[in-house]
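# Per-entry structural report
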There are 2 protein chains.
Amino acid sequence: MSPALHPDISHLAFMLGTWKGSGSGEYPTIDSFDYNEELIIGHVGKPFLSYQQKTKDAATGMPLHAETGYIRPVGREAIEFVIVQPSGIIEIDEGSVEGHDEGGRIVVESTLVATTATAKDVSGVRRRLEFEADELRYELDMAAVGQPMQFHLRATLARADGES
Amino acid sequence: MSPALHPDISHLAFMLGTWKGSGSGEYPTIDSFDYNEELIIGHVGKPFLSYQQKTKDAATGMPLHAETGYIRPVGREAIEFVIVQPSGIIEIDEGSVEGHDEGGRIVVESTLVATTATAKDVSGVRRRLEFEADELRYELDMAAVGQPMQFHLRATLARADGES
C-alpha cells in the first residue's frame, strides 16, 4: 500500500506514476537515434519524489541510457533535481514548477554537472517537462564534448498505470 | 531473464544481489540510531552496476534514508561510485577493489560532494565495503555540518536472494 503523499509534495502529484513511451535524440557528434523509455516517479511518504529512467534502443531493444535520482520541492514554485547517470555524470538542476488543473510544467537547468575521472565531458543540461493529464512530454538540451548547449532529446510518454 | 554479465564487470559479480540487514549510525550532531536496510546491486548487461539503497527506522519502520546511483569499474583494481541522495546531495567516489575467492573489499572516498541550494552541508564521504560470500559489511565516514571526517554508519547485510 502506498503511504500518504507528504503535504510538501502534494502539488507535484501530477508527476507520479509509471510513464512509458518513445523519443528521439540527436547531437552534432553522433548519429540520430530513436528510443523507448520507461520513467517511474514515486514517493515513500517523505517530501521528495524518486526518479528512475531507463531507455532501450527502439530498433534492437538493447539498454541504451539510464538515470536515477530525486526531485525536491522548494516551496510551491521552485524545484530541484539531483540525477546521476551510469556514464559517471552527476547533475544538480534547479528551476520552476507551474501547476495547473490537469498537470504542470517544469523547467530546470543544471547548476552543477560533474563527472568521474573516466566519464565523457558534459557541462550543462536543461530539462523541460510538460505533464498534461496522462501524457508527459519532455525535451532535454545538453552542452557536452565541447559543443554549446543545444537540443538533444525529445520524448512523449503516457501514464502506464492507474496512479493519478 | 537476466542478461549476461558484461566482461568489464565480471570481477564485480560478488557485489550483485539483494542485500538485507541492519545497521547503526552516530554523529556528534545527532542522536545515535538503528536501522534496517535493503540494498539492491544489479546490472543490465552493460559495464556498470546499479545501486539502490533504502533504510527504515528499526523502531518505527518509517523510511529513514535512501540513496541510489551507479558503480563503474575502472579496469580491474579501481572503481567509481556516483550516488545521489534525496536530501539533495550528489557524490562522486573513487577508490580501489580487491577481489578474492569468496568476495572482495572496496574502499572509496569522495572526490566531489555537491549539494542543492537547500540541502544540508556534507563535504566528504568514505565508504568501505567488505563482501564475503553471502555477507556484506560496510562502514561509512562522513564530514558534514562543520564536523571533520569521522565514523557515521556501520551495517551488516546478508544476501537475500539466490544470486551469487
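Here the structure is shown first, and the text comes after it.
Calculation notes
Residues numbered from 1 in each chain as written. Chains lettered and ligands numbered in written order. Predicted model: local features only at pLDDT ≥ 70, side-chain atom pairs only at ≥ 80, totals over all residues. Heavy atoms only, no water. Pairing = 2+ DSSP bridges. Helix = DSSP H or I, 4+ residues; strand = E, 2+ residues; numbered from the N terminus. Contact = heavy atoms within 4.5 Å. Buried area = accessible area lost by both parts, 1.4 Å probe. Salt bridge = Lys/Arg side-chain N within 4 Å of Asp/Glu carboxyl O. Polar contact = N/O pair within 3.5 Å; in protein donor to acceptor, adjacent residues only side chain to side chain. Nonpolar A, V, L, I, M, F, W, Y, C, P; charged D, E, K, R; others polar. Phe/Tyr/Trp six-rings, centres within 6.5 Å; stacked < 30°, edge-to-face > 60°. Buried < 20%, exposed > 50% of the residue type's maximum accessible area, 1.4 Å probe, protein only. Least-squares fit on C-alpha atoms with pLDDT ≥ 70 in both. Axes fitted to C-alpha atoms, helices over the stretch in contact; angles between N-to-C directions.

### Let's talk about the pairing of strand 1 (residues 17-27) of chain A
All names here are of chain A. Pairing analysis gives ten bridges linking strand 1 to strand 2 (residues 30-42), with the strands arranged antiparallel. Bridge pairing in strand 2 links W19 to L39. A loop of two residues connects strand 1 with strand 2, the two strands running antiparallel in sequence. Two strands pair when backbone bridges link them, and strand 1 and strand 10 (residues 150-159) are joined in this way by seven bridges, in the antiparallel orientation.

### Some details on the interface of chain B and chain A
Reports often express the size of an interface as the amount of accessible area lost when the parts come together. Counting residues at the interface gives 32 residues for chain B, matched by 33 residues for chain A. Roughly 2,500 Å² is buried in total at the junction of chain B and chain A, and carbon and sulfur atoms are behind 65% of that figure. Put simply, chain B and chain A have zero salt bridges between them. Applying the counting criterion to the chain B and chain A interface returns 18 residue pairs in polar contact (both at pLDDT 80 or more). Elements with a contribution of two residues or more to the side of chain B that touches chain A: strand 4 (63-74), strand 5 (78-85), strand 6 (89-100) and strand 7 (103-115) of chain B. By residue number, the principal contributor to the side of chain B that touches chain A is strand 4 of chain B, which donates nine residues. For the side of chain B that touches chain A, the per-class residue count stands at 17 nonpolar, nine polar and six charged.

### What about the packing of aromatic side chains?
All names here are of chain A. Within this structure, the stated rule accounts for ten aromatic pairs over all chains. Geometrically, the ring pair formed by F14 and F131 is edge-to-face, given 5.3 Å between the ring centres and 65 degrees between the ring planes. Note that F14 is positioned in the segment before strand 1 and F131 in strand 8 (residues 122-132), a separation of 117 residues in sequence. For the pair formed by F14 and F131, the shared burial category is buried.

### So, the relation of the copies chain B and chain A
With an RMSD of 0.0 Å, the fit of chain B onto chain A corresponds to turning through 180 degrees and sliding 0.0 Å along the axis. Both copies are brought into coincidence by an operation consistent with a two-fold rotation axis. With an isologous cut-off of 70% or more, the 100% of interface residues of chain B that recur at the interface of chain A puts this contact in the isologous class.

### A few points about the pairing of strand 6 (residues 89-100) of chain A
Working note: regular strand, side chains alternate between the two faces of the sheet. Residues and elements named next belong to chain A. Relative to strand 6, strand 5 (residues 78-85) runs antiparallel, the two being bridged by eight bridges. The partner of I79 across the bridge, within strand 6, is G95. Between strand 5 and strand 6, which pair antiparallel and follow one another directly, the connecting turn spans three residues, one of which, G88, has a positive phi of 95 degrees. Bridge analysis of strand 6 against strand 7 (residues 103-115) gives twelve bridges, and the strand direction is antiparallel. Paired with S96 across the two strands is V107, which belongs to strand 7. What sits between the antiparallel neighbours strand 6 and strand 7 is a turn of two residues.

### A short note on the sheet that holds strand 3 (residues 49-57) of chain A
Residue and element names in this part refer to chain A. Sheet architecture is closed into a barrel: ten strands sit in the order 1-2-3-4-5-6-7-8-9-10, paired in antiparallel fashion. If you compare each strand with its neighbour and ignore which way they point, the axes differ by 20 degrees on average. Relative to strand 4 (residues 63-74), strand 3 runs antiparallel, the two being bridged by seven bridges. Bridge pairing in strand 4 places L49 opposite I71.

### Regarding the sheet that holds strand 1 (residues 17-27) of chain B
Taking strand neighbours around the barrel as the criterion, the ten strands line up as 1-2-3-4-5-6-7-8-9-10 (chain B) in a closed arrangement whose pairing is antiparallel. Averaged over neighbouring strand pairs, the angle between their axes works out to 20 degrees when direction is ignored.

Note that all results are geometric; they support no functional claim without further evidence.
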